[in-house]
Amino acid sequence: MAARHAAPTTAPREALADDGGQGESPVDRNPGTTRTRRLLTGVVTAGLAKGTGLLAPVLIIPICLSELGAERYGLWMAVLALTGMATFADLGLGAGLMTKLAACYADGDTVRARGYVSTAYAVLTTMALVLCGLLWALAWVVPWTSVFNVTGAVGSAETRHIVLICVTAFLLNMPLALVVRVQYAYQQVGESNLWQGAGALLAVPLVLLVARGGLPPVAVVVASTAGPLLANAANSIWVYGWRLAELRPRIAAVDRALSTGLLRLSGMFFLVTILTGLSGNMDNLIIAHSLGPQSVTAYAVPARLAAMLGMLVTLINMPLWSANGDALARGDLAWIRRMVRRMVLLSLLATVVPSVCLVVAGDWIFARWLPVPLDGNRWLLAGLALWFLLLGAFSALMMVQNAAGVVRPQLVGLAAYLAVATVTKWYAVKAYGLAAVPFVGTVAYALTVLPAGLYGYRRTLARHGGRHPPSSAGGRGRWWVGRRVRAGRHRWRLRPRSLGSHPPPG
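Residues numbered from 1 in each chain as written. Predicted model: local features only at pLDDT ≥ 70, side-chain atom pairs only at ≥ 80, totals over all residues. Heavy atoms only, no water.

**Some points on the overall build of the chain**
And then number 1: Looking only at helices and strands, one finds 17 helices and two strands in the chain.
And then number 2: Looking at the chain as a whole, 53% of its 506 residues are labelled buried. (Helix = DSSP H or I, 4+ residues; strand = E, 2+ residues; numbered from the N terminus. Buried < 20%, exposed > 50% of the residue type's maximum accessible area, 1.4 Å probe, protein only.)

**Quick word on the nonpolar core**
And then number 1: Counting residues in each nonpolar core, the largest one holds 130 residues, and the members touching the most others are Tyr73, Trp76, Leu101, Tyr186 and Ile336.
And then number 2: When residues of this core are assigned to their parent elements, the largest contribution, 13 residues, is made by helix H15 (residues 378-404).
And then number 3: Residues in contact with Leu101, not counting those within four places in the same chain, are Ala113, Tyr116, Val117, Val182, Ala185 and Tyr186. (Core = buried A, V, L, I, M, F, W, Y, C linked by side-chain atoms within 4.5 Å. Contact = heavy atoms within 4.5 Å.)

**Regarding the packing of aromatic side chains**
And then number 1: Using the criterion set out here, one finds 13 aromatic pairs in the structure.
And then number 2: Residues Trp136 and Trp140 carry aromatic rings whose centres are separated by 6.5 Å and whose planes lie at 45° to one another, so their mutual orientation is tilted.
And then number 3: Overall, Trp140 belongs to the exposed group, its relative accessible area being 54%.
And then number 4: Linked through ring pairs, Trp387, Phe394, Tyr417 and Tyr445 together constitute an aromatic cluster.
And then number 5: Taking NZ or CZ as reference, Lys425 lies 5.6 Å from the ring centre of Trp387, over its face. (Phe/Tyr/Trp six-rings, centres within 6.5 Å; stacked < 30°, edge-to-face > 60°. Lys NZ or Arg CZ within 6 Å of the ring centre and 35° of its normal.)

**Concerning helix H16 (residues 408-432)**
For an α-helix, the turn length of 3.6 residues means that residues three or four places apart are oriented alike.
And then number 1: In this model, H16 (25 residues) spans 35 Å end to end at C-alpha, consistent with the 36 Å of a helix rising 1.5 Å per residue.
And then number 2: Looking at H16, one finds that the buried residues are Pro409, Gln410, Leu411, Gly413, Leu414, Tyr417, Leu418, Ala421, Lys425, Ala428 and Val429.
And then number 3: Where the residues of H16 are buried, they touch helix H11 (256-291), H15 and helix H17 (436-463).
And then number 4: Positive backbone phi, approximately 95°, marks Gly433, located one or two places after H16. (Expected span 1.5 Å × (residues − 1).)

**With respect to the packing of helix H8 (residues 178-185) against helix H10 (residues 218-243)**
Each packed pair of helices is defined by two parameters, the angle between the axes and the distance between the axes.
And then number 1: Orientation of H8 relative to H10, taken along the N-to-C sense of each, is 45°, at an axis distance of 9 Å. Regarding the angle of H8 to H10, the classification is oblique. Like other packed secondary-structure pairs, H8 and H10 cross with a definite hand, here left-handed. Contact residues: H8 offers Val179, Val180, Val182 and Gln183, while H10 offers Asn232, Asn235, Ser236, Val239 and Tyr240.
And then number 2: Looking at the contact of H8 with H10, its residues break down into five nonpolar, four polar and no charged. (Axes fitted to C-alpha atoms, helices over the stretch in contact; angles between N-to-C directions. Parallel < 35°, antiparallel > 145°, perpendicular 65-115°, else oblique. Left-handed = near helix turned anticlockwise from the far one by under 90°. Nonpolar A, V, L, I, M, F, W, Y, C, P; charged D, E, K, R; others polar.)

**Overview of the pattern of salt bridges**
And then number 1: Within the structure shown, the criterion is met by four salt bridges.
And then number 2: Close ionic contact of Arg72 with Glu158 constitutes a salt bridge, the shortest N to O distance being 3.0 Å. Residue Arg72 is found in helix H3 (residues 61-85), and its partner Glu158 is found in helix H7 (residues 156-176); the two are separated by 86 residues along the sequence.
And then number 3: For Arg72, a relative accessible area of 25% puts it in the partly exposed group.
And then number 4: When the shortest N-O distance is used, the salt bridge between Glu191 and Arg243 registers 3.0 Å. Here Glu191, found in helix H9 (residues 189-212), pairs with Arg243, found in helix H10; they are 52 residues apart in sequence, far enough to count as distant.
And then number 5: Residue classification places Glu191 among the partly exposed residues on the basis of a relative accessible area of 23%. (Salt bridge = Lys/Arg side-chain N within 4 Å of Asp/Glu carboxyl O.)

**A closer look at a positive patch on the surface**
And then number 1: On the surface, a cluster of positive charge is made up of Arg337, Arg338, Arg341 and Arg342.
And then number 2: Assignment of secondary structure puts Arg342 in helix H14 (residues 333-369). (Patch = residues over 30% accessible without salt bridge, like charges linked within 9 Å, V, L, I, M, F, W, Y side chains within 5 Å. Areas by Shrake-Rupley, 256 points an atom, 1.4 Å probe, with all protein chains shown as cover. Lys, Arg positive; Asp, Glu negative; His and termini not counted. Charge placed at Lys NZ, Arg CZ, Asp CG, Glu CD.)

**Observations regarding the side chain of Asp109**
And then number 1: Along the chain, the position of Asp109 falls in the loop between helix H4 (93-107) and helix H5 (110-138).
And then number 2: A distance of 3.1 Å separates a polar atom in the side chain of Asp109 from the backbone nitrogen of Arg112. (Polar contact = N/O pair within 3.5 Å; in protein donor to acceptor, adjacent residues only side chain to side chain.)

**So, the environment of Leu414**
And then number 1: Tracing the chain through its elements places Leu414 in helix H16.
And then number 2: Residues Leu414 and Leu275, 139 residues apart in the sequence, show an inter-C-alpha distance of 6.0 Å.
And then number 3: Leaving out residues up to four positions away in the same chain, Leu414 has contacts with Val272, Leu275, Thr276, Ser279 and Val449.

**Remarks on the confidence of the model for the chain**
And then number 1: Averaged over all residues, the pLDDT of the chain equals 78, while 81% of them reach at least 70.
And then number 2: Put simply, helix H1 (residues 14-17) is where the chain has its lowest mean pLDDT, 36, and H5 is where it has its highest, 94.
And then number 3: Across residues 470-506, where pLDDT falls below 50, the model places 81 contacts with residues more than four positions away in sequence or in other chains. (pLDDT = per-residue confidence, 0-100.)

**Quick look at the environment of Leu454**
And then number 1: Mapping Leu454 onto the fold places it in helix H17.
And then number 2: The class for Leu454 is partly exposed, based on a relative accessible area of 31%.
And then number 3: A sequence separation of 53 residues divides Leu454 from Gln401, and the C-alpha atoms of the two residues are 9.9 Å apart.
And then number 4: Those residues within four positions of Leu454 in sequence are excluded, and the remaining contacts are Phe394 and Leu397.

**Focus on the side chain of Lys425**
And then number 1: In this structure, Lys425 sits in helix H16.
And then number 2: Setting aside anything within four residues of it in sequence, one finds Lys425 in contact with Ser279, Met282, Asp283, Ile286, Tyr417, Val437, Val440 and Gly441.

**Points about the packing of H7 against H10**
And then number 1: The N-to-C vectors of H7 and H10 enclose an angle of 10°; their axes lie 10 Å apart at closest approach. Overall, the two elements H7 and H10 adopt an arrangement that is roughly parallel. Contact residues: H7 offers Glu158, His161, Ile162, Ile165, Cys166, Ala169, Leu172, Asn173 and Leu176, while H10 offers Val218, Val221, Val222, Thr225, Pro228, Leu229, Asn232, Ala233 and Ser236.
And then number 2: Looking at side-chain class alone, the contact of H7 with H10 contains twelve nonpolar, five polar and one charged residues.

What follows is the structure, given as structure tokens:
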């Protein structure tokens, strides 16, 4: 009995503080400085690795267009748009897992973290296998040529093969991609970015080998989708085999109590992901049904190039997610406001110059770069640049809300945008052509999602405004005390108390 009521230790155990040099330990004397340094490392590696990775798909566009032709390429882009809309298939578990693990990392709670990781993998692996079985069972029943409006342009067998390849790769990648969320939550952003960049780059030599090997055109689709899948598989082996072996998913580690909290939060992110996937990928489908697959190619190629701007800025801001979670837990709102302002400015600087170059020289680049001629519409390029510029600059505010699990304002804004943009884009593309699509989307986004996001950002800061900021003494205002929690089994876990708590005895 005496052992059960002994005074808890006043400092974290060495095992909890050891993170391989990837982040701050719970007793870090300068948490703000460490957090900023960690964020800077993540931003730099994201800019380098992800910038290189995002460039790889653009480099293979001429080869893919030459091998597939305009009709097959347009079909491929439409199928990818469909899988992009299906990003909700992970039930929001990736986002929910990242939010939950950030708190576990701050507390050094490996048992709880392993429970969350095991639960997420168990749910997504089961779902991916079931959906793959249904897809292949129904593949010969669904009239895919009618679904994608390519009847007469692409054969039914080729259409079915492209759909099976893209959707199967997407489903298998759902559980494999969870490792990225784990790495981000555990402050291993640089390593994760390098792995993802390597996966994107791997597609380049694979596509070149297929093109020179005289294989069927569909093999190009296989080669381009294999890179990210193989990279995530290799990354998972590395992370759970060596880097974070203590988090290796196990069936025995699945905990019902932890699952409830994870699934509840994931459900909210699930709804956000549905609306985001639908709103971000509806353009190609609207154009396909309004103007045909060749018009999809004329829109998708410049849109894919312009998407690099928004995706790059979003990935640069991604390290803010876990960093904001740490800052919110400490009540360091001044750091959050300062970093949000800096990241918004950095996002604008990173996209303004490339956007201007795209608008000024985009038609010249396409004319000399692509084997299939495209209509170099400067208004289309300007609209795409403006759209992705807005998305990238707004990303920093969304990371604060994601870290706190505040998702209702995002739901309201995205639902309003989807309702407004779907109708207006459908009308605009028929009345004014392709160039009207990004301008309509930009205006609708500014009137719906932007106000809701600003409200959610302010609400998040107000909700955490009552927490005590870290003391100027470099952490002496926070006391680490033992607290018994249930995470699959009872154990002592070190958890910080606020400044108003009494220090541990002795």
